[in-house]
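A look at the structure
Listed here are the chains, written in short residue letters.
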Amino acid sequence: MIDAIAQQPILAALIALVGLGILFGALLGFAAEKFKVEGDPIVEQIDELLPQTQCGQCGFPGCKPYAESIASGDAINKCPPGGQATINAIANLLDVPAPELDAEHGEEADVRTVAYIREDECIGCTKCIQACPVDAILGAAKLMHTVIADECTGCDLCVEPCPVDCIDMLPVEETIKEWHWPAPPTTADLIASDRRPAA
Amino acid sequence: MRTWITPGGVHPPENKHQSVTMPIGTLPLPEKLLIPLSQHIGTPAVPCVEVGKKVLKGQKIAEASGPLSVPIHAPTSGTISAIEHRPIAHSSGMLAPCIEITSDGRDKWKKHEGFKDVENATPAALVKAIGDAGIAGMGGAGFPSAVKLSPGYQRPIHTLIINATECEPYITADDSAIRERAAEIIEGIGILSHILGNPSNIMIGIEDNKPEAIAALEPHVEDTGISVVSFPTKYPSGGEKQLIYILTGKEIPSGDLPADIGMVCVNIGTTYAVKRAIVDGEPLISRVTTMTGDACGINRNYETLIGTPVSHMLANSEFNEETCSRLVMGGPMMGFSLTSSDVPIVKTTNCILAPSYDEIPDDEPAQPCIRCGMCAEACPVSLLPQQLFWYSQADDHERLEAHNLFDCIECGACSYVCPSNIPLVQHYRHSKGEIQKARAEKVRSDHARERFEFHQQRIEQAEKNKEAKRTARREAAEKAKAKAAASPEKSASTAGGGAADIIAAAQARAAAKKVSPEQQQAKFERSIAGAEMRLQMAEEKLADAGEGHSDEQKNILTAAVEGARQKLEQAKGRLAEHIKQHNGEQVD
């Protein structure tokens, strides 16, 4: 048998190649099963970049679903809390051009806000508690509720369900610890003496 | 002794001579002192006095809050007149919590007493005393000294370096303090050495532009094992890492502390404060501050009480506001402009500079970078300032970090040499801030994600529990029906659910017409039992739902109970009627 094959170099080459093909195919198949990646890693990476406010302004119920949608080809400019920085980061990750923020979904806020319940007016209906995506509201039925400010992502979702409109979104004031140097001014005034206040 | 030479560096005009013509002076007691609660790195101190309380000089007015914090003491005797937010010396010009003391003019000390036997005191007791005296690094950073002096047993200290470099132009606070207080400084170094377990190598690093200070130190260090090392003047030699390299030739790895390579570096002003705290029992309530600049008639050093308003200092230094181009706290290279002269002197204020327009003119407008590379030559940390500048403008945080932005000591040498007047350091400071902000946001968003995922999981679990209860109930009902079907009454319903109930009821009614009265009666009794069971179940459900449900849900459950009760009544009524009829038939 081997002699017969050895007599036929073309056949020998064919058998050798097919054999190698089967071998490597089996190896790859095994590796694909053995080292299978659970979930879609790109979704995780996109989710990392999203701001996690879970506000739903993008039209998805949370940041993760939007990340999944982006991974399957949705537009990357639907996240107002993340703003241009997030769009740029995702564009960088996916290697696509960075579009401007889609104004349809909202505008980028300058300052971070957190929810604040005017406690005297709260009737204890628990509607905001059910709306909060990060369990940042504390309270019980017919008892006053309050927002844990440190946990609040400022998603606005509790404002609308409140039947007595006692929830405000208040801007978070910058503390001296959070302050950092502003960028140097751009050189609009080229002549130094122009900038000195008139004597 | 051999010294090493750091890369880069610049030689700006020193301008130190103006302020050392006179000895260290004292200012008249200011009417009001404003003491910020955060004068150090770490968590702010917490006030332990109330408004209106009388305090004595040296009395503690704010407690340290946590391990990285120091207490604050009253710099003079008087009354606490306010505890509120006031402008402090900070580049932001923002307000911060402060304690205001209205002086009573007596400047009366509280009772105080130092250690009698320092040599035999335990290092731990000494470190605690230093912490209680409110001492934080006086070179500029304000790192709590007690923390620095307890590096832990894993890191034995072999070298103690005393930083007397004072490399910034104009500042002479350390210089004049050494000239006048050399003996006390050496005593302070002795205490530090005792705390650190007598390191084998103790060096005082000092630039060779202070010959008088070197001469003052030398007689005191004889036979103490302390060596005074002078080295060529160059800015910035006074950075901790720079000085350690100059004196020992060792570089501290990026992100590490000197203690990681067995060294501790302490400012010379701090050693004096340590001596006062340990030997005399006096907390840190004053420091030497240089008042200098052409806009001031008097240029000299003052022993200034912490909390003295800058305006008070200026008023006593023949300050001319019109000729002053800006007010700077710190030196011209690393200091920052003050927005108001009402801000107080703090533990880290080594200089108030009031220069004229000739000395420090307004910033020239920045022009485009010409890629000359002078900044890279000047950088004492061997960074690439040009690259950092581009990346900073592009907000490319990843590359900034890859180019070790956080190793930049913000010395300002690159800005100083830049022929295009680009405020490079300000770009770097801005980028550092942005990166730190992004990091903080990342932490926050990760936390929010965790909570969101937990929230989702909780809701899913609740849904699953509900579903499980529902199936369990359905199965129980089916079982009960199967039992009923197995009993003699074959015509009873065999299927579950509401619709099946109706069918079963209809079938039962049809069968009732045919069956005997005894069977009929038994059937009615069974239906009463069933109705009773349903009523009981509905009541239980209502009791279960007592808490954690909205009113709406409760109403539904109450209605269900009511319905079940009515059905039971109906069934009982039917039975009674049947018995009556049947008895009537029999009578007939």
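The model shown is predicted, which means the values in this text are computed figures rather than measured ones. In this convention, every chain numbers its residues from 1, walking through the sequence in written order. Each chain gets a letter, beginning with A, and each ligand a number, beginning with 1, in the order they are written. Residue-level local features of this predicted model are given only where pLDDT is at least 70; pairs of side-chain atoms are given and counted only at 80 or more, and the full residue set underlies all totals for whole chains, interfaces and linings.

Points about the overall build of chain A
Basically, it comes down to this: Runs of E in the DSSP output that reach at least two residues are strands. Runs of H or I that reach at least four are helices, and both are numbered from the N terminus. Taken over C-alpha atoms, the radius of gyration is set against a globule rule of 2.2 Å times the number of residues to the power 0.38. Three exposure classes are used, based on other C-beta atoms lying within 10 Å of a residue's own C-beta, which is placed from the backbone: buried for 20 or more, exposed for 12 or fewer, and partly exposed in between. Residue pairs qualify as contacts under a 7 Å threshold applied to their C-beta atoms, which are placed from the backbone.
Regarding its fold elements, chain A presents 7 helices and 4 strands. Computed over the C-alpha atoms, the radius of gyration of chain A is 29 Å, more than 25% above the 16 Å expected from 2.2 N^0.38 for a compact globule of 199 residues. A principal-axis box enclosing the C-alpha atoms of chain A has dimensions of 100 × 65 × 35 Å. When burial is assessed residue by residue, chain A has 23% of its 199 residues classed as buried. Partitioning the intrachain contacts of chain A with sequence separation of at least 6 by distance along the chain shows that 56% fall at a separation of at least 24.

Digging into the overall build of chain B
Helix and strand content of chain B: 15 helices and 17 strands. Whereas a compact globule of 588 residues would reach a radius of gyration of roughly 25 Å, chain B reaches 41 Å, over 25% beyond that. Taken along its principal axes, the extent of the C-alpha atoms in chain B is 140 × 60 × 55 Å. The buried share among the 588 residues of chain B stands at 40%.

Thoughts on the pairing of strand β2 (residues 32–36) of chain B
All names here are of chain B. Quick note on the threshold: Should DSSP find at least two bridges between two strands, the strands are regarded as paired.
With 4 of its 5 residues buried, β2 lies for the most part within the structure. Sheet topology places β2 next to strand β8 (residues 95–103); 5 bridges connect them, and they run antiparallel. Paired with Ile 35 across the two strands is Ile 99, which belongs to β8.

A closer look at the sheet that holds strand β16 (residues 336–337) of chain B
All names here are of chain B. Selection criterion: Structural elements are reduced to axes, namely lines fitted to C-alpha atoms, with helices fitted over the stretch in contact, and the angle between N-to-C directions of any two is expressed from 0 to 180 degrees.
One open sheet holds the 6 strands; their spatial order is β1-β14-β13-β17-β15-β16, and the pairing between them is mixed. Sheet topology places β1 (25–26) and β16 at the edges, where each strand pairs with a single neighbour. Of the pairings in the sheet, the one linking strand β15 (residues 328–329) to strand β17 (residues 351–353) comprises 2 bridges and is antiparallel in character. Each bridged residue has a counterpart across the sheet, and for Met 329 the counterpart in β17 is Ile 352. Helix α3 (residues 173–195) rests against β13 (286–292), β14 (300–305) and β17 of the sheet, and its axis sits at about 120° to β13.

What to know about the sheet that holds strand β4 (residues 54–55) of chain B
In a beta sheet, neighbouring strands pair by backbone hydrogen bonds and run either parallel or antiparallel. With antiparallel pairing, 4 strands are arranged side by side in an open sheet as β2-β8-β7-β4 (chain B). The sheet terminates laterally at β2 and β4 of chain B, the two strands that pair on one side only.

Focus on the interface of chain B and chain A
The condition that has to hold: In this count, Pro and Cys sit with the nonpolar residues alongside Ala, Val, Leu, Ile, Met, Phe, Trp and Tyr, while Asp, Glu, Lys and Arg are called charged and the others, Gly among them, polar.
At the interface, 25 residues of chain B touch 25 residues of chain A. Ranked by residue count, the leading element in the side of chain B that touches chain A is helix α12 (residues 424–486) of chain B, at 14 residues. The residue inventory of the side of chain B that touches chain A, partitioned by class, reads 7 nonpolar, 11 polar and 7 charged.

Thoughts on helix α6 (residues 268–279) of chain B
In an α-helix, one full turn covers 3.6 residues, which means residues spaced three or four apart are oriented alike. Residues and elements named next belong to chain B. As a reminder, the rule being used: By this rule, a helix spans an expected 1.5 Å times one less than how many residues it contains.
With 12 residues, α6 should reach 16 Å at 1.5 Å per residue; the first-to-last C-alpha distance of 17 Å fits that figure. Buried within α6 we find Ile 268, Gly 269, Thr 270, Thr 271, Tyr 272, Ala 273, Val 274, Lys 275, Arg 276, Ala 277 and Ile 278. On its buried side, α6 packs onto α1 (123–132), α2 (145–148), β9 (159–163), α3, β12 (263–267) and β13. Directly after α6, the chain includes Gly 281, whose backbone phi takes a positive value near 75°.

Here we look at the domain arrangement of chain A
Counted only if it meets this: All the domain ranges listed were derived from an automatic or database domain assignment.
Domain annotation of chain A identifies domain 1 (2–34), domain 2 (41–105) and domain 3 (111–175). In this structure, domain 1 of chain A and domain 3 of chain A have C-alpha centres spaced 67 Å apart.

Topic: helix α4 (residues 211–221) of chain B
Residues and elements named next belong to chain B. Counted only if it meets this: Read the arc as the range of directions from the helix axis to the C-beta atoms.
Within α4, burial applies to Ala 213, Ile 214, Ala 216 and Leu 217. Viewed end-on, α4 has its buried residues packed into an arc of 165°, placing them on one side of the element. In α4, those exposed residues whose orientation departs by more than 90 degrees from the buried face are Pro 211, Glu 212, Glu 218 and Pro 219. Turning to α4, the residues buried within the fold contact α3, β10 (201–207) and β11 (226–231). Positioned one or two residues after α4, Asp 223 has a phi angle of 60°, which is positive.

Thoughts on the packing of helix α3 (residues 41–49) of chain A against helix α5 (residues 83–94) of chain A
Residue and element names in this part refer to chain A. The following threshold applies: Note on terminology: angles under 35 degrees are roughly parallel, angles over 145 are roughly antiparallel, angles of 65 to 115 are roughly perpendicular, and the others are oblique. Handedness of a crossing is defined here by the sense of rotation of the near helix relative to the far one, left-handed for an anticlockwise turn of less than a right angle and right-handed for a clockwise turn.
With their axes 9 Å apart at the nearest point, α3 and α5 run at an angle of 155° to one another. The orientation of α3 relative to α5 falls into the category roughly antiparallel. Both α3 and α5 take part in a crossing whose hand is right-handed. Along its contact with α3, which presents Gln 45, Ile 46 and Leu 49, the element α5 presents Thr 86, Ala 89, Ile 90 and Leu 93. Here the contact of α3 with α5 is composed, by residue class, of 5 nonpolar, 2 polar and no charged.

Some remarks on the environment of His 73 of chain B
All names here are of chain B. For His 73, the location among the structural elements is in strand β6 (residues 72–73). Since 23 C-beta atoms lie within 10 Å of it, His 73 is described here as buried. Along the primary structure His 73 and Ser 92 are separated by 19 residues, whereas in three dimensions their C-alpha atoms are 25 Å apart.

A closer look at the pairing of β13 of chain B
Residue and element names in this part refer to chain B. Taken across its 7 residues, β13 has 7 buried, putting it largely inside the fold. Side chains Ser 286, Val 288, Thr 290 and Thr 292 project from β13 onto one buried face, and the interleaved Arg 287, Thr 289 and Met 291 project onto a second face that is buried too. Looking at chain direction, β13 and β14 are connected through 6 bridges and run antiparallel. Looking at β14, one finds that Thr 289 is bridged to Tyr 302. By the bridge criterion, 3 bridges tie β13 to β17 in an arrangement that is parallel. Each bridged residue has a counterpart across the sheet, and for Thr 290 the counterpart in β17 is Cys 351.

Considerations on unusual backbone geometry
Residue Tyr 235 of chain B is joined to Pro 236 of chain B through a cis peptide bond whose omega torsion reads -5°. Among the structural elements, Pro 236 of chain B can be located in the loop between β11 and α5 (240–248). Here Asp 165 of chain A, not a glycine, exhibits a phi torsion of approximately 50°, which is positive. Mapped onto the elements, Asp 165 of chain A comes out in the loop between β3 (146–147) and β4 (167–171).

What to know about the packing of α3 of chain B against α4 of chain B
Residue and element names in this part refer to chain B. Running from amino to carboxyl end, α3 crosses α4 at an angle of 10°, the nearest separation of the two axes being 8 Å. By the angle between their directions, the pair α3 and α4 is classed as roughly parallel. Here Asp 175, Ile 178, Arg 179, Ala 182, Ala 183 and Ile 186 of α3 lie close against α4, whose contacting residues are Glu 212, Ala 213, Ala 216, Leu 217, His 220 and Val 221. In terms of residue class, the contact of α3 with α4 is built from 8 nonpolar, 1 polar and 3 charged.

Structural notes on the confidence of the model for chain A
Note the threshold: Confidence of the predictor in every single residue is expressed as pLDDT, which spans 0 to 100.
On average, residues of chain A carry a pLDDT of 86, and 93% of them reach 70 or more. Mean pLDDT values for the elements of chain A range from 59 in helix α7 (residues 192–195) of chain A up to 93 in helix α2 (residues 9–34) of chain A.

Section: the confidence of the model for chain B
All names here are of chain B. Of all residues in chain B, 94% attain a pLDDT of 70 or more, and the chain-wide mean is 88. Across residues 491–496, confidence stays below pLDDT 50; counting only partners more than four residues off in sequence or on other chains, it has 19 contacts. Across the predicted assembly, pTM comes out at 0.76 and ipTM at 0.78.

A word on the environment of Gly 8 of chain B
Residue and element names in this part refer to chain B. Structurally, the position occupied by Gly 8 is in the segment before β1. Overall, Gly 8 belongs to the buried group, with 22 C-beta atoms counted inside 10 Å. In sequence terms Gly 8 and Pro 236 are 228 residues apart; their C-alpha atoms lie 8.9 Å from each other. Those residues in contact with Gly 8 that lie beyond four places of it in its chain are Glu 377, Ala 378, Cys 379, Pro 380, Ser 382 and Ala 413.

Thoughts on the environment of Lys 234 of chain B
Residue and element names in this part refer to chain B. Structurally, Lys 234 is set in the loop between β11 and α5. Overall, Lys 234 belongs to the buried group, with 21 C-beta atoms counted inside 10 Å. What Lys 234 contacts, discounting residues up to four positions off in sequence, is Gly 9 and His 11.

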